[in-house]
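Structural overview
The residues making up each chain are set out below.
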Amino acid sequence: MSTFLTEASEIQNDLAAIRRHIHQEPEIGLDLPKTQAKIVAALDGLGLEVTTGKTLSSVTAVLRGSKSDKTVLLRADMDALPVTELADLAYKSQIDGAMHACGHDLHVAMLIGAARLLVKNKSQLNGDVVFMFQPGEEGDDGAGHMIKEGVLTASGRKADRTYGIHVMSSQIPTGVFTTKPGTMMASADEIHVTVVGMGGHGSQPHTAKDPIPVAAEMVSALQLMITRSFDAFDPVVITVGQFHAGTQANIIPDTAEFQATIRTFSPENRSRIKTEAVRLCESIAQGYGLKAEVKVVEQYPVTVNNDAHAQYVGKVAGEMFGAEGYMDMPHAIAGAEDYSRVLEAVPGSYIFLGASVDKDVTKSEVNHSPRAMFDDSVLYRGTALLSELAVRSLNEMV
């Protein structure tokens with residue numbers, strides 16, 4: 001058994017207590033002062049070089065090894081979601097309208113655990129480790145902010161490798177790790193459309209320019225464009241999540257608005273769909289004598305693992321946890337991550353860890369559900385893997 005696995009199991013109760021403390025006081029966005037304070041307190045006394053963000057409530061900690069010519073960066077996100085928790089837990093959220101529904105509280109606890117174990121085994125480190133505690137993953141591009149503030153060079157040199165773990169409340173067996181080479185998660189962008197017409201009386205639509213059916217046609221046309229213009233083996237997903245128009249049944253409004261999320265799995269399709277979607281909406285509006293105001297809001301790029309490092313994760317996890325503790329990820333998922341920005345700059349791999357509370361993971365509530373629950377008995381496993389990856393990566397780099 002790995003030394004780290006043994007040592008991590010010994011602090012499992014401490015990790016669970018940290019996780020539950022954070023879970024009870026979730027914070028949203030880039031400003032997370034209470035969460036930041038909890039992390040700083042948990043790292044106190046370890047001898048790390050700890051700094052906090054200037055424009056966001058981030059925490060960066062550096063552990064110096066026996067040499068400082070190589071660096072591994074380990075990342076955890078720490079923000080919650082604007083969700084009211086409906087799960088029946090003794091340590092449920094005490095903040096109305098905020099919940100750790102995506103497991104970031106577990107990520108923080110695992111990274112704190114890795115810091116403790118790596119400090120304890122500092123003599124094994126043939127290089128430096130950067131611990132990246134990041135707010136604002138849920139749509140606020142916290143990774144981008146931390147990169148601008150220098151997290152990738154926090155050790156004094158650019159990180160050579162990077163690893164991060166994300167827990168899943170469903171789909172993956174509890175305690176099992178999975179990843180894949182290449183594209184692991186989709187990009188995420190949004191398209192915001194306002195169709196500008198001319199209002200009037202519902203009984204006389206010919207005297208107005210009704211924006212509602214035109215906007216509705218755009219919604220359908222966007223789906224048709226995907227099926228007829230994009231390769232099914234390089235998927236594109238557009239989902240309209242907001243559609244607003246009008247105030248009363250017999251009044252034609254001046255405008256109709258909708259917003260959609262766009263997910264792609266390649267940089268080429270990401271660029272193309274943004275151009276094609278704008279052209280399509282503008283053309284439909286023009287065809288009916290109306291105007292479309294279309295804005296694309298760029299968010300996160302495709303999350304792409306380095307092939308060799310993803311395979312390395314599988315090798316290390318298999319050796320630590322056995323064949324039943326690791327499985328190859330069959331295909332990418334359409335969720336998105338701002339850790340993709342780190343992986344664009346530093347070779348490494350993102351990793352999923354099953355944390356379902358149910359034996360049948362297909363029936364578990366998914367991440368982001370107000371009823372999502374995460375089994376924090378897996379914390380020591382994530383802590384052990386991050387620690388092992390850091391030590392072995394630094395020792396095996398040439």
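Before any of the text, the structure's been laid out above.
In this convention, every chain numbers its residues from 1, walking through the sequence in written order. It should be noted that, the model being predicted, local features are given only for residues of pLDDT at least 70 and side-chain atom pairs only at 80 or more, the latter also being counted only at that level, while totals for whole chains, interfaces and linings use all residues. Each side-chain value is worked out from all heavy atoms of the structure, with water and hydrogens disregarded.

1. With respect to the overall build of the protein
Note the threshold: Put simply, DSSP marks the helices as runs of H or I at least four residues long and the strands as runs of E at least two long, and each gets a number from the N terminus on. Every radius of gyration here is taken over C-alpha atoms, with the globule rule written as 2.2 Å times N^0.38, N being the number of residues. For every residue, the accessible area (1.4 Å probe, protein chains only) is compared with the maximum for its type, and the residue is labelled buried under 20%, exposed over 50%, or partly exposed between those bounds. Accessibility throughout is a Shrake-Rupley quantity obtained with a 1.4 Å probe, and a residue counts as covered only by protein chains that appear here. As used throughout, the charge tally considers Lys and Arg to be positive and Asp and Glu to be negative, leaving His and the chain termini uncounted. Working definition for charges: the position is that of NZ of Lys, CZ of Arg, CG of Asp or CD of Glu.
Regarding its fold elements, the protein presents 10 helices and 16 strands. Taking 2.2 N^0.38 as the reference for a compact globule, 398 residues should give roughly 21 Å; the C-alpha atoms of the protein span a radius of gyration of 23 Å, in line with that estimate. Once the C-alpha set of the protein is aligned to its principal axes, its extents read approximately 80 × 45 × 45 Å. The proportion of buried residues among the 398 residues of the protein is 54%. Just so you have it, the protein exposes about 16600 Å², and 51% of that area is on carbon and sulfur atoms. Charge-centre separation for the protein: the mean point of 34 positive side chains lies 4 Å from the mean point of 49 negative side chains.

2. Description of the sheet that holds strand β4 (residues 128-134)
Filter applied, for reference: When DSSP finds two or more bridges between two strands, those strands count as paired. Note on geometry: axes are C-alpha line fits, over the in-contact stretch for helices, and angles between N-to-C directions span 0 to 180 degrees. Whether two residues are in contact is decided by their heavy atoms: any pair within 4.5 Å suffices.
Read across the open sheet, the eight strands follow the order β1-β2-β4-β3-β5-β16-β6-β15; overall the sheet is mixed. Each of the sheet's edge strands pairs with one partner strand only, and the pair in question is β1 (49-52) and β15 (326-328). Recorded for the sheet is a direction-independent mean angle of 20 degrees between the axes of neighbouring strands. Relative to strand β16 (residues 348-354), strand β5 (residues 161-168) runs parallel, the two sharing seven bridges. Bridge assignment links Tyr163 to a residue of β16, and that residue is Ser349. The strands touched by helix α10 (residues 379-396) within the sheet are β3 (71-77), β4, β5, β6 (177-179) and β16, with β5 carrying the most contacts at an inclination of about 165 degrees.

3. Describing the packing of helix α8 (residues 307-321) against α10
What counts here: We call two directions roughly parallel when the angle between them is under 35 degrees, roughly antiparallel when it is over 145, roughly perpendicular when it lies between 65 and 115, and oblique otherwise. Note: crossing handedness is left-handed where the near helix turns anticlockwise from the far helix by less than a right angle, and right-handed where it turns clockwise. Only Asp, Glu, Lys and Arg are considered charged, only Ala, Val, Leu, Ile, Met, Phe, Trp, Tyr, Cys and Pro nonpolar, and every remaining residue, Gly among them, polar.
The N-to-C vectors of α8 and α10 enclose an angle of 125 degrees; their axes lie 10 Å apart at closest approach. Taken together, the axes of α8 and α10 lie oblique to each other. Our pair here, α8 against α10, has a crossing hand that is right-handed. The residues of α10 that touch α8, namely those facing Tyr312, Val313, Lys315, Val316, Ala317, Glu319, Met320 and Phe321, are Arg381, Ala384, Leu385, Glu388, Leu389, Arg392, Ser393 and Glu396. Among the residues forming the contact of α8 with α10, the class breakdown is nine nonpolar, one polar and six charged.

4. A few points about the packing of aromatic side chains
So the rule is basically this: Two aromatic rings, drawn from Phe, Tyr or Trp (for Trp, its six-membered ring), form a pair once their centres lie within 6.5 Å of each other, and the interplanar angle then sorts them: stacked below 30 degrees, edge-to-face above 60, tilted otherwise. A positively charged side chain is recorded as over a ring if its NZ (Lys) or CZ (Arg) lies within 6 Å of the ring centre. The angle to the ring normal must also be within 35 degrees.
Taken as a whole and assessed by the stated rule, the structure comprises four aromatic pairs. Where Tyr339 meets Tyr350, the ring centres are 4.9 Å apart and the plane angle is 45 degrees; that geometry is what we call tilted. Linking Tyr339 in helix α9 (residues 339-345) with Tyr350 in strand β16, this pair joins segments that are 11 residues apart in sequence. Considered together, Tyr339 and Tyr350 belong to a single accessibility category, that of buried residues. An aromatic cluster is present here, built from Tyr339, Tyr350 and Phe352 joined pairwise through their rings. When the ring centre of Tyr312 is taken as origin, the NZ or CZ atom of Arg161, which lies over that ring, is 5.3 Å away.

5. Observations concerning the layout of surface pockets
The criterion, for reference: Buried and open spaces are told apart on a 1 Å grid over the protein atoms alone, a cavity being a set of points where a 1.4 Å probe fits but cannot get out and a pocket being an open set with protein on both sides within 12 Å along at least five of seven lines. Residues with an atom within 4 Å of a point are the lining residues. Grid points are joined across faces, edges and corners, and a volume is the space filled by probe spheres set on the points.
Reported here for the largest pocket is a volume of approximately 710 Å³. Around the largest pocket, the lining is made up of 30 residues, and of these Glu138, Arg263, Gly335, Ala336 and His368 lie nearest the centre. Only β5, β8 (188-196), β10 (236-245), β12 (255-264) and β13 (291-300) provide two or more residues apiece to the lining of the largest pocket. When residues of the lining of the largest pocket are assigned to their parent elements, the largest contribution, four residues, is made by β12. A per-class count over the lining of the largest pocket returns 11 nonpolar, 14 polar and five charged. Surrounding the second largest pocket, 14 residues form its lining, Thr51, Thr52, Thr60, Glu149 and Gly150 being those nearest its centre. Mapped onto the lining of the second largest pocket, the elements with two or more residues apiece are β1 and β2 (59-63). Residue classes in the lining of the second largest pocket are distributed as five nonpolar, six polar and three charged.

6. Brief notes about the environment of Glu10
Take Glu10: it is sitting in helix α1 (residues 3-10). With 68 residues separating them in the primary sequence, Glu10 and Met78 have C-alpha atoms 24 Å apart.

7. Some words on the pairing of β8
Buried residues dominate β8, accounting for seven of its nine residues. As defined by bridge partners, β8 adjoins β13 across nine bridges and the pair is classed as antiparallel. Note that in β13 the partner of Asp189 across the bridge is Glu298. Note that β8 and β12 share eight bridges and pair antiparallel. Its bridge partner being in β12, Thr194 is matched across the sheet by Glu257.

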